[in-house]
2 protein chains.
Amino acid sequence: MQNLFQPPPGTRDFYPDAMALRRHIEDTWRRVSLRHGFVEVDGPTFEYLDLYKVKSGDEIVSQLFHFESRGEDRTQFALRPEFTPTLARMVAAKANALPRPIKWFSIPRCYRAERPQKGRLREFIQWNVDMLGGETPEARRQFDLETAALCIDTLREFGLASSDVKLVWNDRALVEQLFALAGLPPERYPFGFYLLDRLAKLAPEQRRKQYADNAVTAGEQAFFEQLAAGGDPLSEAFWESLGSNGDFAAYRDAISGMQAHIEKTLALMGLPGYATYDPSIVRGLAYYTGFVWEVVDVSGGNRAVAGGGRYDKLIEMFGGPALAATGFGMGDVVLALLLAEKGKLPANAGVSPPDLFVINALEQTDDAVRQLAILRAAGLTALASYKATKNIGKLLEEAGKAHARVALILAPAEAAEGKAKLKNLRTREERTIPLAAVLAETLAELRGAGDIAP
Amino acid sequence: MQNLFQPPPGTRDFYPDAMALRRHIEDTWRRVSLRHGFVEVDGPTFEYLDLYKVKSGDEIVSQLFHFESRGEDRTQFALRPEFTPTLARMVAAKANALPRPIKWFSIPRCYRAERPQKGRLREFIQWNVDMLGGETPEARRQFDLETAALCIDTLREFGLASSDVKLVWNDRALVEQLFALAGLPPERYPFGFYLLDRLAKLAPEQRRKQYADNAVTAGEQAFFEQLAAGGDPLSEAFWESLGSNGDFAAYRDAISGMQAHIEKTLALMGLPGYATYDPSIVRGLAYYTGFVWEVVDVSGGNRAVAGGGRYDKLIEMFGGPALAATGFGMGDVVLALLLAEKGKLPANAGVSPPDLFVINALEQTDDAVRQLAILRAAGLTALASYKATKNIGKLLEEAGKAHARVALILAPAEAAEGKAKLKNLRTREERTIPLAAVLAETLAELRGAGDIAP
């Protein structure tokens, strides 16, 4: 039975502490994106339902929250499950007017109509980074690594090291080399991609059904069964047992050449030791066209924290010109779990302490109201007590609990001379200042503590 | 016919310039809220449909986008049309654990299922500010004005003055005094509030139907007709023509006393000249219980930019304890229109210029990649060209167009000696520096320009 006064299952209430953590995550995503020269965009929270079929086919509908509009334009809308279709539509609509390369990021809330589970909610926040343009092989390789580097650099900004997270990568071209080695004819590659993407999730009898339904040869079956059993296609033993006479050395050299390039580029960027080749990374290769990757939590069973890759055909599908594209997404739910596990949540839930706390021991409130307004108009975060007490000791305790840096004390003895006391709550030093100079003296005190810039 | 590749009617694509303006609006709301000691919260984008009936009755349903969940818990959900029911639910659930007063703000996206029109979209962003607790009359008055002052202070931060916007206010108690003067018996007050709220929107025949349906006396009709015709109940002429023998002076004195208090408090807060009494401000008084107000655009036919008031009964309706509450909301659509009309949009769409632009005239890219990473790791926004050219003049042009403050020039002559050039793009001065000191010298250059703190 639903409880009307609870958030719907799979959604969250963001009370102040949870909201501060969400701000920390979103602000970090945004800050590092801007540093790397990406600009922020966003779209509607809902789109025409049919928009999501363009990329994902009809089967997507069962995973969407959708509803009918009211009024004359009765159409089906759906809450966005991801940002990419919106991005593709927006890029396609203005492809020729946008400066190239297009370097966009967004931080949308997204929705999936499924039963919630740990790490998978019905409503989540997903950071999206996309880089479009750059048609040469060199530019594609560069843009693939620029986006992946932004992802790793951001995780580093959160406090995660290469001992915590790894970039595991693959490439559609390498998967095709793998299929060739296994003896699949090129016309079987689409089925190969389809099966590879699902292999880890299929039970033995489900795999057998796939083999039977798709006339898979005994040799191909042996190959898929070895992969399903965790066999390593980078080992000679894997191919010997299959009796393959393909060019295994060329496959291995292609991988090590690419791995060396990725490792060298990331090292130049100050991110050595993050990248590893992983033939099991597939990420629904029907959509991706080249490089694919995930960033995984090393100690958490390789749980994916982020994932992306190259998708050079998509902008055309949304009515735009042919346009090379690469990008990734990272959700807030798994990231927050990982940061908590690694002890990397910010102190004090990331909430900035107030600059100043006004303590009013006078009978009237006019001076306190006036000083609060002057301090706030200058950009300072200024609090005051709402308690009736004029006990300075108790009010100082409250200021301390709020982690205020400075207290302004308005008390009768000083007020009679047009003065007040300013107390530094870290050094515990206090001094008497003219009421007319509260703002200047507070700024000086905060500067002295290194809390704000001179 | 829908165009799949357009945003749904009444929603918006936020390309970089539009997104920068949205950021400017949201960041300003957030920054001033924090300064005034409010903390940020949020809730789900959708709630149980029935939650919205608690505050607004069944008629709200036709104004909501709603949909059924999938899986076993088939329930109706609705996209939030406003934040208040979520806030009331969240406060009610933890009322006893939350420190008082509760000072919350939120910046949710909200939805209305109606045909879009200028200033009213189907998807919009609404800043919400609420202050709960404070049961004495003094505390209520104080909290009413603290929230209203935050609203005005924020509009001032956007660049709007008291010649642009006004706080127009009313109070449920004053409306009851008005009804008493007009001779309405107390049991007719609920109908009076109902009619007053709709009076400006009803055509003469609709008003006559209301009178007939509700057995309104000839005297009451004359009163409502004078209000509908724009008569001023603060003028003696208004009451003389009605033949009222009520205590008009007491009504007028109550208003001028409250106006003086509001004006004095706002003046202490550095916000003189904003407040005006306006008997036509009603804002659906069934929900509000005391002070009600709007901030209106003076030159735009008093279009409301924000609105709010006191709602002391609501937390109980959502399962919580009796808790005094006051707050307001401000949408982004009307605000953006107003800022544009008043020439108060930020320069350059509010986008911060990059700190530095790396110009690479070398054959290799390793040095450029390494320097970009070092500068970004130090928190600087560093860009580079994606063009193939090594023409320094052309690249400097690109750096200038990006409004970069400093250019780092990597060219063969300097590189051979382990050096580079650093050019200040404002003063046009340039100097040669060691490659190993790029970060330190860039920081020094930006400090010299006052762009970052020492």
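Residues numbered from 1 in each chain as written. Chains lettered and ligands numbered in written order. Predicted model: local features only at pLDDT ≥ 70, side-chain atom pairs only at ≥ 80, totals over all residues. Heavy atoms only, no water.

Caption draft 1: Structural context of the relation of the copies chain A and chain B. Under the fitted operation, chain A is carried onto chain B by 0.0 Å of movement along the axis and a turn of 180°, and the coordinates agree to an RMSD of 0.0 Å. One copy is carried onto the other by what is essentially a two-fold rotation axis. When the interface residues of chain A are mapped onto chain B, 100% of them again lie at the interface, so the same face is used by both copies. (Least-squares fit on C-alpha atoms with pLDDT ≥ 70 in both. Contact = heavy atoms within 4.5 Å.)

Caption draft 2: Highlighting the pairing of strand 7 (residues 123–132) of chain A. Residue and element names in this part refer to chain A. Here strand 7 lies mainly inside the structure; ten of its ten residues are buried. As paired strands, strand 5 (residues 102–106) and strand 7 are joined by five bridges and run antiparallel to one another. Across the sheet, I102 pairs through a bridge with L132, a residue of strand 7. As defined by bridge partners, strand 7 adjoins strand 12 (residues 325–331) across seven bridges and the pair is classed as antiparallel. Along strand 12, the bridge assignment pairs V129 with F328. (Buried < 20%, exposed > 50% of the residue type's maximum accessible area, 1.4 Å probe, protein only. Helix = DSSP H or I, 4+ residues; strand = E, 2+ residues; numbered from the N terminus. Pairing = 2+ DSSP bridges.)

Caption draft 3: Region of the structure containing the side chain of R35(B). Mapped onto the secondary structure, R35(B) falls in helix 1 (residues 16–35). Note on R35(B): relative accessible area 6%, which makes it buried. Ignoring anything within four residues of it in the chain, the contact list for R35(B) reads R376(A), G379(A), L380(A), T381(A), A382(A) and E157(B).

Caption draft 4: Looking closely at the domain arrangement of chain A. Domains assigned within chain A are domain 1 (16–45 + 80–183 + 246–341) and domain 2 (352–448). Between domain 1 of chain A and domain 2 of chain A, the C-alpha centre-to-centre distance is 48 Å. (Domains from an automatic or database assignment.)

Caption draft 5: The packing of helix 1 of chain B against helix 12 (residues 332–341) of chain B, seen in detail. Residue and element names in this part refer to chain B. Where helix 1 contacts helix 12, the axes come no closer than 11 Å and their chain directions differ by 105°. Taken together, the axis directions place helix 1 and helix 12 in an arrangement best described as roughly perpendicular. Of helix 12, the residues touching helix 1 (which contributes L21, I25 and W29) are D332, L335, A336 and L339. (Axes fitted to C-alpha atoms, helices over the stretch in contact; angles between N-to-C directions. Parallel < 35°, antiparallel > 145°, perpendicular 65-115°, else oblique.)

Caption draft 6: Focus on the pairing of strand 10 (residues 291–297) of chain B. Residue and element names in this part refer to chain B. Taking burial as the measure, the seven residues of strand 10 include seven buried ones, the bulk of the element. Burial along strand 10 is two-sided: F291, W293, V295 and D297 and V292, E294 and V296, pointing in opposite directions, are all buried. Where strand 8 (residues 165–171) meets strand 10, seven bridges bridge the pair, whose relative direction is antiparallel. Residue N170 lies in a different strand from strand 10, and its bridge partner there is V292. Sheet analysis places strand 10 next to strand 11 (residues 303–310), joined by six bridges and oriented antiparallel. Bridge pairing links V295 to A306 in strand 11.

Caption draft 7: Structural detail: the sheet that holds strand 2 (residues 46–48) of chain B. Residue and element names in this part refer to chain B. The antiparallel open sheet is built from three strands, whose spatial order is 2-4-3. The open sheet has two edge strands, strand 2 and strand 3 (66–68), and neither has a second partner. Strand-to-strand, the axes of this sheet are offset by a mean angle of 35°, without reference to chain direction. Alignment of strand 3 against strand 4 (residues 76–79), held across three bridges, turns out to be antiparallel. Bridge pairing in strand 4 links F67 to F77.

Caption draft 8: Looking closely at the interface of chain A and chain B. Chain A puts 91 residues into the contact, and the matching count from chain B is 91 residues. Each partner contributes to the roughly 7400 Å² buried at the junction of chain A and chain B, and carbon and sulfur atoms together form 60% of this total. At the boundary of chain A with chain B, the tally comes to ten salt bridges. Of the charged contacts in the structure, one is a salt bridge between R89(B) and D13(A), with a shortest N-O distance of 2.7 Å. Counting across the chain A and chain B interface gives 30 residue pairs in polar contact (both at pLDDT 80 or more). For the side of chain A that touches chain B, the element with the highest residue contribution is helix 1 (residues 16–35) of chain A, accounting for seven residues. By residue class, the composition of the side of chain A that touches chain B is 45 nonpolar, 18 polar and 28 charged. (Buried area = accessible area lost by both parts, 1.4 Å probe. Salt bridge = Lys/Arg side-chain N within 4 Å of Asp/Glu carboxyl O. Polar contact = N/O pair within 3.5 Å; in protein donor to acceptor, adjacent residues only side chain to side chain. Nonpolar A, V, L, I, M, F, W, Y, C, P; charged D, E, K, R; others polar.)

Caption draft 9: Spatial organisation of the packing of helix 13 (residues 366–377) of chain A against helix 16 (residues 438–448) of chain A. All names here are of chain A. Contact geometry for helix 13 and helix 16: axes closest at 10 Å, N-to-C directions at 55°. When the axes of helix 13 and helix 16 are compared, the pair comes out oblique. Classified by chirality, the crossing of helix 16 by helix 13 is right-handed. Together, Q371, I374 and L375 of helix 13 and V438, L439 and T442 of helix 16 make up the contact between the two elements. Of the residues belonging to the contact of helix 13 with helix 16, the class tally is four nonpolar, two polar and no charged. (Left-handed = near helix turned anticlockwise from the far one by under 90°.)

Caption draft 10: Quick look at the sheet that holds strand 3 (residues 66–68) of chain A. Residue and element names in this part refer to chain A. Strand order in the open sheet formed by three strands is 2-4-3, and the pairing between neighbours is antiparallel. The two strands at the open ends of the sheet, each matched to only one other strand, are strand 2 (46–48) and strand 3. This sheet shows a mean twist of 35° between the axes of neighbouring strands, independent of strand direction. Sheet contacts for helix 2 (residues 49–56): strand 2, strand 3 and strand 4 (76–79); angle to strand 2, the most-contacted strand, approximately 80°.

Caption draft 11: Spatial organisation of unusual backbone geometry. In this model, R100(A) is joined to P101(A) through a cis peptide bond whose omega is -10°. Secondary-structure assignment places P101(A) in the loop between helix 3 (84–93) and strand 5. Non-glycine residue A215(A) carries a positive phi angle of around 50°. Secondary-structure assignment places A215(A) in the loop between helix 7 (204–213) and helix 8 (218–228). According to the relative accessible area criterion, A215(A) is exposed, its value standing at 62%. The residue H403(B) is not glycine, and still its phi comes out positive at about 60°. Accessibility expressed as a relative area gives 43% for H403(B), which makes it partly exposed.

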